[in-house]
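Here is what each chain is made of, one letter per residue.
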Amino acid sequence: MSSNKTLPSRCHQCVIVTSSSHLLGTKLGPEIERAECTIRMNDAPTTGYSADVGNKTTFRVVAHSSVYRVLKRPQEFVNRTPETVFIFWGPPNKMQKPQGSLVRIIQRAGLVFPNMEAYAVSPGRMRQFDDLFRGETGKDREKSHSWLSTGWFTMVIAVELCDHVHVYGMVPPDYCSQRSRLQRMPYHYYEPKGPDECVTYVQNEHSHKGNHHRFITEKRVFSSWAQLYGITFSHPSWT
């Protein structure tokens, strides 16, 4: 596993396939398959969902909290699409704590699956993600006791790797304040009985207990980046 090398490829056209249930029933699979580079997150599976989300996975961005779930199912994630490059991120105290370091677990997985290409976001790079969030929002992530989401890492990485980014399934920042109360949408397309998307977003945005994400704040930043970095949003569209 490389922790000091930079990612190799640049892509002209990337798609980010979110884990949102907005993708269910869209039959976007063939369109997503045609993309030059496809980016997925955490342990979002494609088996059983490929008609809607496709199967091709060029990059998979995985949070420290999902490492076990991904490595536990190699047939789904490691061996299913051999071209996948894994990018693991997490706070340094989670990635490199002496007892059971996640970096070591990922390195061991690399021995078991010699074809697996994996990168870990370095502590210095993690600070840059924080600095970017503070620069864009004026909010200090640590002081507000929140964590950046995998969506934040994925979007920043995509903007660096790709000339154009098409995001499937991400809702715009004002979506939850306008949605009718009756319509329940599971947060993940692969967890139909899981938490509701808007409930999750709103609770996280306003929670001060710690360990939550500022999803809506992040989406406001993405909205401001759309023209700057050539980002398109669909299903739902942001325009």
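To keep things clear, this report deals only with the structure shown in the data block. (Residues numbered from 1 in each chain as written. Predicted model: local features only at pLDDT ≥ 70, side-chain atom pairs only at ≥ 80, totals over all residues. Heavy atoms only, no water.)

Applying the stated criterion across every chain yields a total of 14 aromatic pairs. Relative to Phe-153, the ring of Phe-129 has its centre 4.4 Å away and its plane inclined at 45°; by these criteria the two rings are tilted. Of this pair, Phe-129 sits in helix H7 (residues 123-137) while Phe-153 sits in helix H8 (residues 150-161), placing them 24 residues apart in sequence. Taking 5.4 Å as the distance between ring centres and 85° as the angle between the ring planes, the aromatic pair formed by Phe-133 and Trp-152 counts as edge-to-face. Remark: Trp-152 occurs in helix H8 and Phe-133 occurs in helix H7; sequence separation between them is 19 residues. Judged by relative accessible area, which is 0%, Trp-152 ranks as buried. A network of ring pairs unites the aromatic residues Phe-133, Trp-152, Phe-222, Trp-225 and Tyr-229 as a single cluster. (Phe/Tyr/Trp six-rings, centres within 6.5 Å; stacked < 30°, edge-to-face > 60°. Helix = DSSP H or I, 4+ residues; strand = E, 2+ residues; numbered from the N terminus. Buried < 20%, exposed > 50% of the residue type's maximum accessible area, 1.4 Å probe, protein only.)

Counted residue by residue, strand E1 (residues 11-17) has 5 buried out of 7 residues, so it is predominantly covered. For E1 and strand E7 (residues 162-168), the ladder comprises 6 bridges, and the chain directions are parallel. Directly across from Gln-13, in E7, lies its bridge partner His-164. Bridge count for E1 against strand E2 (residues 37-41) is 3 bridges, and the pairing is parallel. Pairing of Ile-16 across the sheet is with Ile-39, part of E2. (Pairing = 2+ DSSP bridges.)

Axes are the key here: two packed helices are described by the angle between their axes and the distance separating the axes. Running from N to C, H8 and helix H11 (residues 215-229) point in directions that differ by 10°, and their axes come no closer than 11 Å. Relative to H11, the element H8 is oriented roughly parallel. From H8, Gly-151, Trp-152, Met-155, Val-156 and Val-159 reach across to H11, where they touch Glu-218, Val-221, Phe-222, Trp-225 and Tyr-229. Tallied by class, the residues present in the contact of H8 with H11 amount to 8 nonpolar, 1 polar and 1 charged. (Axes fitted to C-alpha atoms, helices over the stretch in contact; angles between N-to-C directions. Parallel < 35°, antiparallel > 145°, perpendicular 65-115°, else oblique. Contact = heavy atoms within 4.5 Å. Nonpolar A, V, L, I, M, F, W, Y, C, P; charged D, E, K, R; others polar.)

Moving on to the sheet that holds strand E9 (residues 231-234). Here we have 7 strands laid out as an open sheet, ordered E5-E4-E3-E2-E1-E7-E9, and parallel in their pairing. Strands at the two margins of the open sheet, each flanked by one partner only, are strand E5 (117-120) and E9. On average, each strand axis in the sheet is tilted by 20° relative to the strand beside it, whichever way the strands run. In the packing of H11 onto the sheet, contacts are made with E7 and E9, and the angle to E9 comes to roughly 125°.

The next point concerns the state of the cysteines. Applying the stated criterion to the full structure yields 3 disulfides. A sulfur-sulfur separation of 2.0 Å characterises the disulfide bridge that pairs Cys-14 with Cys-162. One disulfide, between Cys-14 and Cys-162, carries an S-S torsion of -85° and so falls in the left-handed class. Taken together, the residues Cys-14 in strand E1 and Cys-162 in strand E7 connect sequence positions 148 residues apart. Exposure class is identical for Cys-14 and Cys-162. Each is buried. Put simply, Cys-176 and Cys-198 are joined by a disulfide, and their sulfur atoms are 2.1 Å apart. The sign of the S-S torsion, about -85°, decides the handedness of the disulfide formed by Cys-176 and Cys-198: left-handed. You can see Cys-176 sitting in helix H9 (residues 175-178) and its partner Cys-198 sitting in helix H10 (residues 197-206), a full 22 residues away along the chain. Owing to a relative accessible area of 7%, Cys-176 belongs among the buried residues under this scheme. Given the relative accessible area of 4%, Cys-198 is considered buried. Cysteine pairing in the protein follows 1-3, 2-4, 5-6, where each cysteine in a disulfide is numbered by its order in the sequence. (Disulfide = S-S within 2.5 Å.)

These figures come from the coordinates and say nothing about function on their own.
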